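A closer look at the structure
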Amino acid sequence: MKLRNRVGLGKIQLDMTPMIDVVFQLMIFFMCTLKVTEPEGDFDISMPLGAAAPSAVTEAELPPFKVRMIADAEGNLNALSFNGVNLGGGEQAFAKLNSEVFRAIHALKAIGPDQQEKQEVEIDPDYNLHYRNIISAIGSCSGRMGPNGIPVRYISKIKFAPRREP
Amino acid sequence: MKFKPADVAPPELDMTPMIDIVFQLITFFMVINKFDQAEADERVTLPKDQLAVPPAVQRKDSFLLNFGYLRDQKGNLTNPEPFFFFADEQVPLAQVRQRLRQEAQFYQTIGTDMKEVVVEIRADADVKSGMVQELIQMCQEDGIGFQRFALKATQKMIE
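Residues numbered from 1 in each chain as written. Chains lettered and ligands numbered in written order. Predicted model: local features only at pLDDT ≥ 70, side-chain atom pairs only at ≥ 80, totals over all residues.

Looking only at helices and strands, chain A features four helices and eight strands. Taken from N to C terminus, the helices and strands of chain A fall in the order α-β-β-β-β-α-α-β-α-β-β-β. Residues counted as buried form 25% of the 166 residues belonging to chain A. Sequence-distant contacts in chain A: of pairs separated by 6 or more residues, those separated by 24 or more amount to 58%. (Helix = DSSP H or I, 4+ residues; strand = E, 2+ residues; numbered from the N terminus. Buried ≥ 20, exposed ≤ 12 C-beta atoms within 10 Å, placed from the backbone. Contact = placed C-beta atoms within 7 Å.)

Given below as structure tokens:
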């Protein structure tokens, strides 16, 4: 069988225009809509119904760690205490609180391996204390950031004491 | 001088580039859009903490409460009282009970266990702590009955 010479198979020319269109459009879009937002996280608060009133402590469960936070007239942290021990005020108080909680959970591990998971922290702030201090206290009790960026957890059960009147 | 009429074919519009662009943009929107933060109100300035990490598992049943101050462009308070922001509506703490009741009724109607519903509180860093405690107490009242709470904060990066 005789085949005819195929004609018209020239070199395929790649049209770059659509790709450039897309790249430019995406670039303009990125530039227009870029919104730098910090990631949001949260802390779980354990407040089962009926637990607002101080409950009787059985032998099996330990009393909660108590964090008392006293505010000045402007709502800033004036004094912070952990289980009755005064840790002072300002930002340094939270670093001290973090160390105290670490020491306390270290002592808990000697009692039992699962005591750390059962342990609660009760936060008792003045009414007019700025909320940012509550988050700092919860963060200090929750753990610390490890050197590799992975959080080291101390206590996960956190609750509020009954509200103080203004 | 005489010109020959040229054979002009009707121009063919190639739709491929436009379709490329449209599909790419749709895909991009789908990937980058953070639907979980769509309800976050920009008027609330969250406190910061290193350990405020996003939950590992997406919560199934949760609703968000934005609690903050009205501020001017310079960031000064225009009203000393904080409000809950529901879309365009601002509700003071004393009147939020009705909203909480409606939310609770919704979850009860669809048969959700109230122990599973998480109330996510986005409170401003300058709000009084007692007000947040008051809100939690309201959430636990008879006829409302929420039990799980999450306090939102911005994740502070290590310096």
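Residues and elements named next belong to chain A. Contact geometry of helix α2 (residues 91-111) with helix α4 (residues 131-142) gives a least axis separation of 8 Å together with a crossing angle of 30 degrees. On the basis of their axis angle, the class for α2 and α4 is roughly parallel. Two packed elements cross with a definite hand, and for α2 against α4 that hand is right-handed. The segment α2 lies against α4, with F94, L97, N98 and V101 engaging S136, A137, S140 and C141. Along the lines of polarity and charge, the residues of the contact of α2 with α4 split into five nonpolar, three polar and no charged. (Axes fitted to C-alpha atoms, helices over the stretch in contact; angles between N-to-C directions. Parallel < 35°, antiparallel > 145°, perpendicular 65-115°, else oblique. Left-handed = near helix turned anticlockwise from the far one by under 90°. Nonpolar A, V, L, I, M, F, W, Y, C, P; charged D, E, K, R; others polar.)

For the rest of this paragraph, the subject is the interface of chain B and chain A. Between chain B and chain A, the residue contacts involve 42 residues of the former and 38 residues of the latter. Contributions of two or more residues to the side of chain B that touches chain A are made by α1 (16-32), β5 (118-123), α3 (129-139) and β6 (148-155) of chain B. Counted by class, the side of chain B that touches chain A contains 21 nonpolar, 13 polar and eight charged residues. Pairing of strand β1 (residues 40-46) of chain A with β6 of chain B, which is carried by seven bridges, proceeds in the antiparallel orientation. Counted as the bridge partner of D44 of chain A is A150 of chain B from β6 of chain B. (Pairing = 2+ DSSP bridges.)

Below, the discussion takes up α4 of chain A. All names here are of chain A. Taking 1.5 Å per residue, twelve residues should reach 16 Å; α4 reaches 17 Å between its end C-alpha atoms and fits that length. Along α4, the positions that sit buried rather than exposed are Y131, R132, N133, I134, I135, S136, A137, I138, G139, S140, C141 and S142. One or two steps after α4, the chain reaches G143, where phi turns positive at roughly 155 degrees. (Expected span 1.5 Å × (residues − 1).)

For the rest of this paragraph, the subject is the sheet that holds strand β8 (residues 157-160) of chain A. All names here are of chain A. In space, the five strands of this open sheet follow the order β4-β3-β2-β5-β8, with mixed pairing throughout. Strands at the two margins of the open sheet, each flanked by one partner only, are β4 (85-86) and β8. When strand β2 (residues 65-71) meets strand β5 (residues 120-125), the two strands line up parallel, connected through five bridges. Each residue of the ladder has a partner; that of R68, found in β5, is D124. Its contacts with the sheet place α4 against β2, β3 (77-82), β5 and β8, and it is angled at close to 160 degrees to β5.

Put simply, chain B has an average pLDDT of 84, and 82% of its residues get 70 or more. In the predicted assembly, ipTM is 0.77 and pTM is 0.77. (pLDDT = per-residue confidence, 0-100.)

Before going further, it helps to spend a moment on the environment of K66 of chain A. Residues and elements named next belong to chain A. As for its placement among the helices and strands, K66 is situated in strand β2. Expressed as a C-alpha distance, the spacing of K66 and N83, which sit 17 residues apart in the sequence, is 5.0 Å. Not counting residues up to four positions away in its chain, the partners in contact with K66 are N83, E122 and D124.

With that out of the way, let us pick up the pairing of β8 of chain A. Residues and elements named next belong to chain A. Residues of β8 alternate between two faces, with I158 and F160 buried on one and K157 and K159 left unburied on the opposite face. Bridge count between β5 and β8: four bridges; the pairing is parallel. From the neighbouring strand, V121 faces β8, where its bridge partner is I158.

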